[in-house]
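Residue-level structure breakdown
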Amino acid sequence: MENILKDVTNELIDVKSRSVELQSVINNLTEAIWSIDLTSEPYEIIYHNNPIERFGNPDELDPPPRTMEEWQQCIHPDDRERVLEEVVNALSSGNASYSYRALRKKDQFRYFRDRISVLYENEKPVRLDGITIDIDHIRRSRLNLELSQQRLKAIVDALPDPVFISTKEDGQVIFANEVLFKVYEMSPIDFLGKKVIQFYQNFEGRKSYIERLQNEGHIQGHELVLRNKKGESFWVSASTMPLDFQNQECFITILQDITDRKNLEKQLQESNERYQLAVEGTNDAIWEYDFHTKKSYLSPQFWEGMGLPPEENPLDDQLIAKYLHEVDRKEFIVVLNQHLEEKKEKLTLEFRLSGAENKIIWALFKAGIIYSDKGVPLRAVGSLSNITSLKEAQTKLRESEAKYKLISENSSDCICLQELNGRFVFVSPSSKDVLGYTPGELASMRLRDIITEEYLHKVSDTMLGVIQGKLKTVSITFQARHKNGSLEWLETVGGAILDDQGEPMFLQTSTRNVTDRVEAQRQLKESEERYKLITENSNDIVTLMDVEGNYVFITPSIKEAMGWEVDEVIGQNTRNFVHPEDLPDIEKGFLETLEKKIKERTMIFRYKHKNGSWRWMKATGGIILDEHQNPIYFRANKIDITDKKLTEERLKAKEEQYKLVSENSADVICLHKLDATFTFVSPSCSRLLGYSVEEKMELTLADLIHPDDYKRAIEVFEETAKNKRKNTITQYRYKKKNGEYFWAGVSMSAVLNSDQETQFVLTSTRDITEIVNVIEKERQLNKLKSSFISMASHEFRTPLTTIQSSNELISMYLENKAEINDNRLVKHVSRIRTELDRLNALLKDVFTLGRLDVGKTQLKKDITSLTGIVRQVILECQVQFKDRKVQLKIEGQERQLLLDSQLISHAISNLINNALKYSGNKKDPEVIIIYEPDSVQLKVKDYGIGIPKKDQASLFESFSRASNVGDIDGTGLGLVIVKQFIEMHGGTISFQSEVHKGTTFTIAIPNV
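As a starting point, this report considers the structure included with it.

Thresholds applied
Residues numbered from 1 in each chain as written. Predicted model: local features only at pLDDT ≥ 70, side-chain atom pairs only at ≥ 80, totals over all residues. Heavy atoms only, no water. Helix = DSSP H or I, 4+ residues; strand = E, 2+ residues; numbered from the N terminus. Buried < 20%, exposed > 50% of the residue type's maximum accessible area, 1.4 Å probe, protein only. Contact = heavy atoms within 4.5 Å. Areas by Shrake-Rupley, 256 points an atom, 1.4 Å probe, with all protein chains shown as cover. Expected span 1.5 Å × (residues − 1). 1 Å grid on protein atoms, 1.4 Å probe; cavity = no way out; pocket = protein on both sides within 12 Å on 5 of 7 lines; lining within 4 Å. Points joined across faces, edges and corners; volume = space filled by probe spheres on them. Nonpolar A, V, L, I, M, F, W, Y, C, P; charged D, E, K, R; others polar. Patch = residues over 30% accessible without salt bridge, like charges linked within 9 Å, V, L, I, M, F, W, Y side chains within 5 Å. Salt bridge = Lys/Arg side-chain N within 4 Å of Asp/Glu carboxyl O. Core = buried A, V, L, I, M, F, W, Y, C linked by side-chain atoms within 4.5 Å. Pairing = 2+ DSSP bridges. Axes fitted to C-alpha atoms, helices over the stretch in contact; angles between N-to-C directions. Parallel < 35°, antiparallel > 145°, perpendicular 65-115°, else oblique. Left-handed = near helix turned anticlockwise from the far one by under 90°. Disulfide = S-S within 2.5 Å.

In terms of regular secondary structure, the protein is built from 34 helices and 37 strands. In the protein, which comprises 1008 residues, the share counted as buried stands at 38%. Expressed as a percentage of contacts within the protein between residues at least 6 apart in sequence, the contacts between residues at least 24 apart total 49%. Accessible area of the protein: about 60600 Å², with a carbon and sulfur share of 51%.

Below, the structure is given as structure tokens:
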């Protein structure tokens, strides 16, 4: 017992002197004290105090184990081996301490901790002394705490927002969820263990955050700027609450990224500031109207310009209508209502305003209208520009219009907001006009993707000077790549946007296309040279006259056009050259141009040529004013349009001729609207149909066309109009006034307007009843011809087969006869066989040609290899011509084709047989297949007798043979059949030939 308590008694000062009874101390302890005698078995456990009383209610606990074996059985199976190992180790080390679960009531286990010490005698263990402590409540509290912390971590990790936990004492981060690392692109080593305050950037926000946390102990929705390891800044809304975590006081902070909202707020503030500045600084009047609240606003420029006192809520649902001149008010209301009905968002108009004392002001009205999801107008904003001076002034009208157009269409520069690393944060829609890129496309690009290499460093260095504070604002001109690949000159004005500490946050730039300006100097000289070249060499006559009409300048082209020298015209009055009949109009035009200061007008008149003839001239020009708006010159460009006038006259004559033809033609010529109703009918309808023009105009095609043909006729009519076709030919039965039907041949053509859209359909109708009857007779004749060919084929083949069989029997008899045969008899038998073969070939060709003529030969196309067909034909031909070869060459990428293998094989066999037959004792023929992208060519080339020129024209006619074939066999039908087979495939056949040098036949078949 003293062994186990020796550490305790050693700490007591003079225990014996105080006469403290050891047993009373043991009984007073909350731990169970026990010993085990190791000198005899079984090893009994001796308790020095009652363990039941120390470990709870005796009614709830089983009796303590009395032996070491019972004690082992009480230990939880998962802990038993480990505890026994600790006890064994203690026998050699002298002491041990371990915790375990032990059974105390049925299936209930509790946590205990043992501290043991070994007593040795003669270096042998003789007793084991121990103290057992009940630590069940401590251990279970710790497990519950660990479980709670694990649940807290799981909940935090599952949150969609970044979350971290920091210590209250020094603010170090001890935990953060994965969302934080992902959103702010940090690794755990970048954030954990650091003081969280170092990541908050803006001083004022950080200071107020600390003060609120110290005063209130928690914070909800405090806005701060957070910076990650890369130096990138993010606006966050931080909510911080106290938390006990890992046995220490902590704070848990939830962050919400509000960068987009803060950027939008900043942009909105900047936009409002720019808008207010624009309202105050512009000469235009700005207006607004709320359709819901009926509240409205007109800027002071309006009241000042109108000379009227300001009013509160001056506008109504008709916007500015009540201030319009009464002439323009009605039209304005109609246009406004139409825009509102059609939900249009933009409206631009010019009208007159009626101010104080009947003052008339011309105004350019611009409006932007915002609608709800249901199409109800919510709000309208816009501007009013005073354009009275533009309406009244006539000086430099074209230049003013060009400038106005330039300002109205291109006044918006490309405004960009960039981070300091060059990444675009905002790009205005005008980027499409400046560089061809949409804002979305440009935002994903870098400067190096746009600026040419020559200017990239210059632009970068200049903007770096702005970032470093060396320059406030800069203007730089450089070359950049347009989306279409062209190089454009751009001018950028830029400056830095600073934060509260005066540090640059963004670069704001305004960019415009200045290609014209940069190239102006280079083009100026070229322009002057071109102008000089144009004025001296142009066919147009450029003139300058004083206000009296006297020429002060004229280009040399006057000589070529009108025969006059320049010196002969300078100083002369233009009236001296104008035809007397046109002079009154010219005088009137001069006076009107002077009075109204017209800058651009066109007049047509006759001008006197030096040879005395009159030429039609078209003069375009106007007045030139001095700086005081007084006329000083007339300018004019004159063009000789005599040929055009003559053409117009000829056209008019042709129109008269057309009218004469249509009125006297035997065909009925009609002009139809697109619904097939008549707009014009030629008088010939009376002769062909029996109707007068007026009667037919009241009829429809349904009244005239046979019911069985009407649907097809209308389909052809609509197809002609839809596809803008010309000379579409069709036929159907047409009814005369007496009720009889006749076959009509009709030609339809679409008549197009100036926009190349079908406006009318022109039809020409004639009686083709006789032609239809002839065609019917021809059809019957073809049927008869087909029957004859079938009969003839049968009737001829039967006796020919008999003759051929008999001849073969005679030949076999002669071969088997023992005595010597008469050579003349053998020769006759051979000649009969040859003539039979020739007659069979002729009969086959005639039968094939006959089937083609009556249309009984049908294509049976299939995907096949043309090269394979040619190889097979060559093998078959070489069986007949055993001592000859045919060379095959293939060019291009071989591919499968859609062909009728039998017909193509027949055609190619005929050509190759002819090449072999007509080139005996000559170089072997060649076959070349050329695979082209859109077609295939097959050439059969021989080096034989050739075809005389006189025979070439009729080569593809039936029974036609060249005059130099001699006694070479042939029917004169093979090439006719070949041509028809090739044309059935949509192909063509042609040839080139020279006598004694050979012939090349070329077949071309399109891709099908």
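What follows concerns helix H18 (residues 453-467). In a regular helix each residue adds 1.5 Å, so 15 residues correspond to 21 Å; H18 covers 21 Å between its end C-alpha atoms and thus fits that length. The complete set of buried residues in H18 reads Tyr455, Leu456, Val459, Thr462, Met463, Gly465 and Val466. Contact partners of the buried residues in H18: helix H17 (447-450), strand S18 (473-481), strand S19 (487-498) and strand S20 (504-513). Just past H18, the residue Gly469 takes up positive phi, approximately 85 degrees.

In this model helix H5 (residues 77-93) runs 25 Å from its N-terminal to its C-terminal C-alpha over 17 residues, within 8% of the 24 Å that 1.5 Å per residue would give. Of the residues trailing H5, Gly94 is marked for its positive phi of about 105 degrees.

We now examine empty space enclosed by the protein. On inspection of all chains with the given rule, the structure shows four cavities of 30 Å³ or more. When its volume is computed, the largest cavity comes out at roughly 260 Å³. Contributing elements (two or more residues each) for the lining of the largest cavity: helix H23 (583-596), strand S23 (601-608), strand S24 (614-625) and strand S25 (631-640). Among the residues making up the lining of the largest cavity, the classes are represented as 10 nonpolar, seven polar and three charged.

Time to look at a nonpolar patch on the surface. On the surface, Val552, Phe553, Ile632 and Tyr633 cluster together into a nonpolar patch covering about 300 Å² of accessible area. Take Tyr633: it is sitting in strand S25. With a relative accessible area of 32%, Tyr633 lands in the partly exposed category.

Ranked by size, the top nonpolar core spans 37 residues in total, and within it Leu866, Ile908, Ile912, Leu938 and Phe1001 carry the most contacts. Contributions of two or more residues to this core are made by helix H31 (866-880), strand S33 (897-899), helix H32 (901-917), strand S34 (926-931), strand S35 (935-942), helix H34 (974-984), strand S36 (988-994) and strand S37 (998-1006). Sorting elements by how many residues they give to this core places H32 first, with seven residues. Once residues lying within four places of it in the same chain are set aside, the contact partners of Leu938 are Leu866, Val870, Ile908, Val927, Ile928, Ile929, Phe1001, Thr1002 and Ile1003. Core analysis: the second largest hydrophobic core is formed by 31 residues, Leu319, Ala321, Phe365 and Ile369 among them.

With that out of the way, let us pick up the sheet that holds S24. Judged by pairing direction, the sheet is antiparallel, and its five strands sit side by side in the order S22-S21-S25-S24-S23 without closing on themselves. Taken across any chain shown, the strands that pair with only one partner, and hence form the sheet edges, are strand S22 (551-554) and S23. Recorded for the sheet is a direction-independent mean angle of 30 degrees between the axes of neighbouring strands. Bridge count for strand S21 (residues 541-545) against S22 is three bridges, and the pairing is antiparallel.

Take Arg871: it is sitting in helix H31. Judged by relative accessible area, Arg871 falls into the partly exposed class, the value being 48%. Linking Arg871 and Val927, residues 56 residues apart in sequence, is a C-alpha distance of 9.8 Å.

Below, the discussion takes up the packing of H31 against H32. How two helices pack is summed up by the angle between their axes together with the distance between the axes. At a closest axis distance of 9 Å, the pairing of H31 and H32 adopts a crossing angle of 45 degrees. Accordingly, the angle class assigned to the pair H31 and H32 is oblique. For the crossing formed where H31 meets H32, the hand is right-handed. On the side of H31, the interface is formed by Leu866, Ile869, Val870, Val873, Ile874, Cys877 and Gln880, while H32 contributes Ser901, Ile904, Ser905, Ile908, Ser909, Ile912, Asn913 and Leu916. Tallied by class, residues from the contact of H31 with H32 come to 10 nonpolar, five polar and no charged.

To continue, consider the sheet that holds S19. Sheet architecture is open: five strands sit in the order S17-S16-S20-S19-S18, paired in antiparallel fashion. Edge positions in the sheet fall to strand S17 (424-427) and S18, since each of these pairs with one other strand and no more. Averaged over neighbouring strand pairs, the angle between their axes works out to 25 degrees when direction is ignored. Two strands pair when backbone bridges link them, and strand S16 (residues 414-419) and S20 are joined in this way by six bridges, in the antiparallel orientation. Each residue of the ladder has a partner; that of Cys414, found in S20, is Thr511. Lying on the sheet, H18 is in contact with S18, S19 and S20; it crosses S18 at an angle near 160 degrees.

Here we take up the state of the cysteines. One pass over the full model with this rule turns up zero disulfides. You can see Cys670 has no disulfide; the closest cysteine sulfur is in Cys685, sitting 7.1 Å from it. What makes Cys670 buried here is its relative accessible area of 1%.

Approximately 1400 Å³ is the volume attributed to the second largest pocket. Lining of the second largest pocket is provided by 35 residues; of these, Val225, Ser233, Trp235, Met505 and Phe506 occupy positions nearest its centre. Looking at the lining of the second largest pocket, the elements with two or more residues in it are strand S8 (219-227), strand S9 (233-245), helix H10 (259-281), S19 and S20. Looking at which element gives the most residues to the lining of the second largest pocket, the answer is H10, with nine residues. Classifying every residue of the lining of the second largest pocket by side-chain character gives 12 nonpolar, 10 polar and 13 charged.

The next point concerns the environment of Glu178. Turning to its location among the elements, Glu178 is positioned in helix H7 (residues 178-183). Of the residues examined, Glu178 reaches a relative accessible area of 56% and is grouped as exposed. On a C-alpha basis, the gap between Glu178 and Asp161 in space is 9.6 Å, while along the polypeptide they are 17 residues apart.

This next bit is on the side chain of Gln479. In this fold, Gln479 is placed in strand S18. Apart from the residues within four sequence positions on either side, Gln479 is in contact with Ile451, Thr452, Tyr455, Leu487, Glu488 and Trp489.

Next up on the list: the packing of H32 against H34. Running from N to C, H32 and H34 cross one another at 140 degrees; their axes reach a closest spacing of 9 Å. Compared by their axis directions, H32 and H34 come out oblique. Considering how the two elements wind past one another, H32 and H34 form a crossing that is left-handed. Contacts between H32 and H34 involve Leu903, Ile904, His906, Ala907, Asn910, Leu911 and Asn914 from the former and Gly974, Leu975, Ile977, Val978, Phe981, Ile982 and Met984 from the latter.

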